[in-house]
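# Examining the three-dimensional arrangement
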Amino acid sequence: MSDTPPEEPSADASTTEGHRAGLIALVGRPNAGKSTLLNQVLGQKLSIVSAKPQTTRNRVVGIHTIPGMQAVLVDTPGIHPARSRLNKAMVQMAIDALSEVDLICWVIDLAPCTKAAEAKRTILGRGEQELATIIAQSGDTPVIIALNKADAVSKPWILPVMEALHALAPQATIVPISALKGVGVDGLVAQWREHLPEGPALYPADQIATTTERFIVAEMIREKIFHLTEQEVPYSTAVEIELFDEDERESERPRVHIMARIFVERDSQKGILIGKGGSMLKQIGTLARKEIAALLGASVFLELHVTVQPDWTSSGRALRELGYE
Ligand SMILES: Nc1nc2c(ncn2[C@@H]2O[C@H](COP(=O)(O)OP(=O)(O)OP(=O)(O)O)[C@@H](O)[C@H]2O)c(=O)[nH]1
Ligand SMILES: [Mg+2]
């Protein structure tokens, strides 16, 4: 027995005292940079991003595990005064998340705030005021404000914005960051750790998402539509994966065959999505296929079909079928 080596301390951080774990909701106005932040923290693209507001339509969960902490990040749709049934469902998803998490990370786009400060206008617009009220209603969950897009603003105006925010949300910790460039993000993550409850990891250390590959694939196609089309077209579009054939995924030359259906609301939108001689659909397919192939680690045969489903954004049945309600 004397030869037995002393017991190694557990390598599993989740059982170590002082370990923090919990759910963090990334919430904010549309276009604030919530999804960009999620991807930056994970070091991988899990949630789609575009310059257009209301890109994210579902909750997207990313798991960030580092020594001493597991943060389960819940990316949410932007909170805004919604009119359509789809948008109302999106906003509700975000608001519901607020009461289900251990920590709220409120992401704010600095740019309009610093511009207002410089012009001596009210620094925090109605949107942020309303969000402060909504967040306050979610009880005593700690709030950290990620003041985003610091790379894109005039630095001297950041301080007055922080002061205005402090007056609006005195309990919140405020951290200026650039989610896009990764600046300040380590400091933000350290603040998350500080405010998460003690506890063991909720997921295995190597798991980074809770969504299916199918979901991410559909989202990647939807992202290209957000990048390539304008006006109401991206907002009238949904993507459903009809076939995800992995029979040859483990073969010597891994290959996945995917068939996706793109729903639009009107014939005119179908025309735009297909484009002259099919050129738009081809472009969407080419860009999406590259990303999907990288995600799946296989070559991808991607077939896209466009179907008109009149007024799906206001149909409860369609919204449920597409996973939005
Ligand atoms: N300059 C700059 N742009 C950023 C930063 N973070 C995000 N963006 C840009 O802001 C736009 C919106 O980013 P998203 O991550 O899609 O924003 P979101 O909050 O998830 O938006 P919704 O899903 O529509 O609510 C994109 O064009 C991003 O590239 C940043 O730190 N700096
Ligand atoms: Mg988003």
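Residues numbered from 1 in each chain as written. Chains lettered and ligands numbered in written order. Predicted model: local features only at pLDDT ≥ 70, side-chain atom pairs only at ≥ 80, totals over all residues.

## Quick look at the sheet that holds strand S9 (residues 299-308)
Taken in spatial order, the three strands of this open sheet run S7-S8-S9, and their pairing is mixed. Two strands bound the open sheet, and with one partner strand each, they are strand S7 (238-248) and S9. For this sheet, the mean angle separating the axes of adjacent strands, direction not counted, is 15 degrees. Across eight bridges, S7 lies against strand S8 (residues 255-264) in antiparallel orientation. Opposite Glu-240, over in S8, you have Arg-261 as the bridge partner. Each of S7 and S8 is contacted by helix H7 (residues 213-228), which is oriented at about 130 degrees to S7, the strand it contacts most. Helix-sheet contacts for helix H8 (residues 267-274) involve S8 and S9, and the interaxial angle to S9 is about 155 degrees. (Pairing = 2+ DSSP bridges. Helix = DSSP H or I, 4+ residues; strand = E, 2+ residues; numbered from the N terminus. Axes fitted to C-alpha atoms, helices over the stretch in contact; angles between N-to-C directions. Contact = placed C-beta atoms within 7 Å.)

## Regarding the domain arrangement of the protein chain
According to the domain assignment, the protein chain consists of domain 1 (13-195) and domain 2 (213-321). Between the C-alpha centres of domain 1 and domain 2 the distance comes to 28 Å. At the junction of the two partners, domain 1 supplies 10 residues and domain 2 supplies 13 residues. A per-class count over the side of domain 1 that touches domain 2 returns four nonpolar, four polar and two charged. (Domains from an automatic or database assignment. Nonpolar A, V, L, I, M, F, W, Y, C, P; charged D, E, K, R; others polar.)

## Describing the packing of helix H3 (residues 110-118) against helix H5 (residues 158-168)
Their axes nearest at 9 Å, the elements H3 and H5 cross at an angle of 100 degrees. Between H3 and H5, the crossing angle belongs to the class labelled roughly perpendicular. Here Leu-110, Cys-113, Thr-114 and Ala-117 of H3 lie close against H5, whose contacting residues are Ile-158, Pro-160 and Val-161. Classifying every residue of the contact of H3 with H5 gives six nonpolar, one polar and no charged. (Parallel < 35°, antiparallel > 145°, perpendicular 65-115°, else oblique.)

## Thoughts on the packing of H7 against helix H9 (residues 279-296)
Running from amino to carboxyl end, H7 crosses H9 at an angle of 140 degrees, the nearest separation of the two axes being 9 Å. Crossing of H7 against H9: the hand is right-handed. Between H7, through Glu-213, Ile-216, Val-217, Met-220, Ile-221, Lys-224, Ile-225 and Leu-228, and H9, the contact on the second element is made entirely by Met-280, Gln-283, Ile-284, Leu-287, Ala-288, Glu-291, Ile-292, Leu-295 and Leu-296. Across the contact of H7 with H9, the residue classes tally to 13 nonpolar, one polar and three charged. (Left-handed = near helix turned anticlockwise from the far one by under 90°.)

## Section: the confidence of the model for the protein chain
Residue-level pLDDT values for the protein chain average 95, and 95% of them are 70 or greater. In the predicted structure, residues 1-11 sits below a pLDDT of 50 and forms two contacts with residues beyond four places in sequence or in another chain. (pLDDT = per-residue confidence, 0-100.)

## Comments concerning the sheet that holds strand S6 (residues 173-176)
The sheet built from six strands is open, its strands ordered S2-S3-S1-S4-S5-S6 with mixed pairing. At either end of the open sheet lies a strand with only one pairing partner, and these are strand S2 (60-66) and S6. Taken pair by pair, the neighbouring strands of this sheet meet at an average axis angle of 25 degrees, ignoring direction. Strand direction decides the pairing type here: strand S1 (residues 20-28) and strand S3 (residues 69-75), joined by seven bridges, are parallel. When the sheet's bridge partners are listed, Ala-25 is paired in S3 with Val-74. Lying on the sheet, helix H4 (residues 126-136) is in contact with S1, strand S4 (103-109) and strand S5 (143-148); it crosses S4 at an angle near 180 degrees.

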